Each structure stands twice: as C-alpha cells, then as structure tokens.
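Single-letter residue listing:
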Amino acid sequence: MTAELVCFEPKCRARYAITEVIYNCPRCGGLLEADYPGWQPEAALKKTWRERRLSNAALDQSGVWRYREAVPFLDRYEQVVTLREGNTPLLEAARAAAWAGLERLTFKHQGFNPTGSFKDNGMTCGVAQALRLGRPRVACVSTGNTSASMAAYASAAGLQAIVFIPHGNISFGKLAQALEYGARTLQVEANFDQILALVRVLAERLGIYLLNSINPFRIEGQKTIIVEMLDQRDWNPPDWIVLPGGNLGNTSAFGKALRELRQWGLIQKTPRLAVIQAEGAAPFYELWRSRERAALCAVGHPETLATAIKIGNPVSWPKALFEVVSSGGVVEKASEQEIADAKAQIGLCGIGCEPASAATLAGIRKLRAAGVIAAGDDVVAVLTGNLLKDPDYIYGYHTDGLTAPGGEKLRSTYGNRPEVAPNDPDRIAALLE
Ligand code: F0G
C-alpha cells in the first residue's frame, strides 16, 4: 500500500512522500491531501468494519481506527493514541424536523466525542502522524474546539501542546479544557485568521508540528465521520449532509470521504453537501454566490456569537468549493437570530448542541423554504459540538440577554427563564399548579 501527499491544485498535482513535513505544496503553494494510488478495498471490508464493533481492542473500539482501511496513511499502528473518539450517535429529531419543514431529520452528533467536538476524529490521526515524525511539540490556532482536542490528544500521547487562541473570543468551556488538559495556552490579541498566519511562521521557525485543519492527516480522520454515519445507516446514503462552515476543513473531509467511498465502490450514490455559514462570517457563501467563483474574498472583521465559526479567511476554501460542486451541493448563510432559535429547537429535542452546530438547522429551514431541500428528503445534519461548550450563550438566550455583534438584541423566541422560588411548599405548589 502506498500513501502519498498530493497537491490539490489540478494544474500542479505534485506528489510528495507521506512523511514530508509540509502543509502546502512547495512547488505551487496549493493545499495538500493524502492519496492512496491503486488502493482497492477487499470484498468483505464492510463486514470487517461491522465486526470490529464487537472487539475489545483499543484500535477497533475507536470510531476512527475501526475504519483504518479508509485512512491508510500509517504503516504501523503501535503508536496510535485513541480516546475512543467517534462512536457518535445518529439521533432522530422529529420536533426539529417539523420546525424546519421536513418529514424527518437525523442528527449525527459529534458532540458525543471525548472532548465534545468533531475535532477528535481528526486529532487522533494528526497526533499519530506527529508521533510517526518524531515531533515532540504540536501547535494550533483555534476558535476553541481544535485546541481542546489537540491538548487532550497531545497530553495522552506525551507530546507538548501549544495552543494559540484569539484573546477574549472563545467560549470559556473550551479555554478551560485546554488548561485542564495541560496545554501551554497563549491568548493572542488578534483574530483567528491573523493568528493562523503567525502560527505558520512560528511552526516553521521553531520546528513545531502544526495541527490545524490545513494538516492533511486531520482531514483524513474527519473523513471517518462520514464512513461511520454510512455504516450506521447500513450503507444507505442520505440525500443531503448538512454541516456548518468555518475554516472549511470538515467540508473538505466530508467531500473527500464521499469521493473515495464512491471510487472504492462502497456507495453508489453521493449525498449533496449543504454548508451553512454565519451571516457575519460568510466569505464562502459570498464566493458561492459570485458569478465566477474564482477566488475567496476574505472578511476582514468576521463577527458572530457562534465563535467556533468566527473565521473570515478560511484556508481550505479551494478544497471545499471543489467538494460542494462535486456533490451537487449548496452553500447558505444564517443570521444570529436564526441560529439562536434553531439551537433552542435542537435543545427541545433533548439533544442540544453549541451555537455553530445549530447553523445546520437554521440553514435547513431556509433551504426548505426556498424549495432547495424537499419536505420528504432524507437529511443528516452534523452537530459539530456539545451543548456544554458554551453555557454563557445558552443562559443569555433564555434570559433575554443575547446581543448580536452588531448591537441588535436577539429575541428569546423559545426562551425558558429560570424562576426564583421562595422556600415555602405552599407557594411553590401554587406556582406549579
Ligand atoms: N463547528 C464547530 C463546533 C467548530 O468548532 C468548528 C471549527 C466548525 C463547526 C467549523 O468547522 O472549520 O472545519 O469548517 N472550529 C475550529 C477550531 C476552527 O479552531 O476549533 P470547519
């Protein structure tokens, strides 16, 4: 089995050894992806994957490494560190479906991961590659979830984690995770896009291995979200897969997974990808709407309360654009109010998620209203992060205390205010009657 890195640019397609420490093509600057020339699955692969669910071996218990034949970039697995990532459920959500105008809706909830977000799927692979390359230090810039995940996996693997975050602009839950997992945490007074540029220079200068989603091995791991979802659906692809778009690594990963599964003959139909951005941080949506779709125009000051996707210059846009087009997909945007209300609806299903994840349901509702998605379509929306990631936002919403970045006060449409009760059974009984 050969694994190589290949430049994503169609005009270049230069190839490099899988062990080269590069994040962009040295020849043309394009994005890189892992490629497995000539790889073909064995006939019984789906059965093998299913049977591994019964195994007690660490590798088989991981919802990433159980599908290792779909991410075959390692030559040995002894060094893999797993926290049993993946293994996330598909949850039916009748109430959210009705709210959005669908007959049925299923959430693939990545918030059930060990550190509470989909980043764990990618991070176990990124850290495995860092170990293979013998890099003792790893770094990332993050809106919070990548840093939480990297901190956990680096510590579990005995590596030093260095986390760069936009000062004052990530949720407290995520910052707390990075601290607790033992990462060196630098709060930089700049936004995500500015810090990414800074970290790339520093990684080069200090020989630190970069674990942002520009790292092709993170993308490999995130592919397994799709593989696992299809395995859970007995290999019956949905019509749509809906996900939020920030730095667009996940969109790239999902598209690559679908392309490869189809090429390997494991699925016969490709679901359409629908990527939803927050209105104040929607450069990919603008690119999608432009006539030429030639180059992404960065948003200088991205703004959204969904801080996970507060990104104005998404690095993976060329990959993401290719994947959305290839899947016959669409890009939509949602306002702060739409995201907040959608999030409350997901909560009322007993499911819950963090704000960025709720962009999915907000987007579905708009795409349904516009007739792009039909009422009877089979839709899977990926909830990217756990409800407990950002409790301040939730309390604000339910108590009429959320203000959008532009200063507009958000309505607490489905608010559920806590009540103060006296220490008196009669009066409490009266309240509850
Ligand atoms: N949802 C959540 C909860 C996220 O944390 C992110 C990205 C996204 C969606 C968007 O995914 O970047 O692949 O398009 N969070 C990154 C971070 C940027 O640093 O944690 P994307």
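Residues numbered from 1 in each chain as written. Predicted model: local features only at pLDDT ≥ 70, side-chain atom pairs only at ≥ 80, totals over all residues. Heavy atoms only, no water.

*Asks:* Sorry, what's going on with the overall build of the chain here?
*Replies:* Counting secondary structure elements, the chain contains 15 helices and 13 strands. Against the 2.2 N^0.38 benchmark of 22 Å for 433 residues, the chain shows a C-alpha radius of gyration of 21 Å, consistent with a compact globule. In terms of principal-axis extent, the alpha carbons of the chain reach across some 70 × 50 × 45 Å. Relative to its 433 residues, the chain shows a buried fraction of 59%. Of the contacts made within the chain by residues no fewer than 6 positions apart, 68% connect residues no fewer than 24 positions apart. Summed over its atoms, the accessible surface of the chain is roughly 17,500 Å², and 50% of this surface lies on carbon and sulfur atoms. (Helix = DSSP H or I, 4+ residues; strand = E, 2+ residues; numbered from the N terminus. Rg over C-alpha atoms; globule rule 2.2 N^0.38 Å. Buried < 20%, exposed > 50% of the residue type's maximum accessible area, 1.4 Å probe, protein only. Contact = heavy atoms within 4.5 Å. Areas by Shrake-Rupley, 256 points an atom, 1.4 Å probe, with all protein chains shown as cover.)

*Asks:* Help me out: how do you make sense of the sheet that holds strand β10 (residues 240–244) in this one?
*Replies:* Pairing between the strands of a sheet comes from backbone hydrogen bonds, and it takes one of two forms, parallel or antiparallel. One open sheet accounts for six strands, arranged β4-β5-β13-β10-β11-β12; its pairing is mixed. A single partner strand is all that each edge strand has here, and the edge strands are β4 (90–92) and β12 (330–334). Strand-to-strand twist across the sheet, computed as the mean angle between neighbouring axes with direction ignored, equals 25°. Across the sheet, helix α12 (residues 336–348) is in contact with β5 (106–109), β11 (272–278), β12 and β13 (379–383); its angle to β12 comes to roughly 95°. (Pairing = 2+ DSSP bridges. Axes fitted to C-alpha atoms, helices over the stretch in contact; angles between N-to-C directions.)

*Asks:* Hey, could you run me through empty space enclosed by the protein in this one?
*Replies:* Once rolled over the atoms, a probe with the size of a water molecule shows which space is left empty. As enumerated under the stated definition, the model contains two cavities of 30 Å³ or more in all. Taken as a whole, the largest cavity spans an internal volume of roughly 310 Å³. Lining the largest cavity are 27 residues, with Phe-118, Lys-119, Gly-246, Asn-247 and Ala-308 positioned closest to its centre. Counting residues per element, the ones that place at least two in the lining of the largest cavity are α5 (145–157), α8 (216–232) and α9 (249–263). By residue number, the principal contributor to the lining of the largest cavity is α9, which donates three residues. Put simply, the second largest cavity is a space of about 40 Å³. What lines the second largest cavity is simply Glu-20, Val-21, Ile-22, Tyr-23, Leu-133, Tyr-209, Asn-215, Pro-216 and Phe-217. Of the residues in the lining of the second largest cavity, the class split is seven nonpolar, one polar and one charged. (1 Å grid on protein atoms, 1.4 Å probe; cavity = no way out; pocket = protein on both sides within 12 Å on 5 of 7 lines; lining within 4 Å. Points joined across faces, edges and corners; volume = space filled by probe spheres on them. Nonpolar A, V, L, I, M, F, W, Y, C, P; charged D, E, K, R; others polar.)

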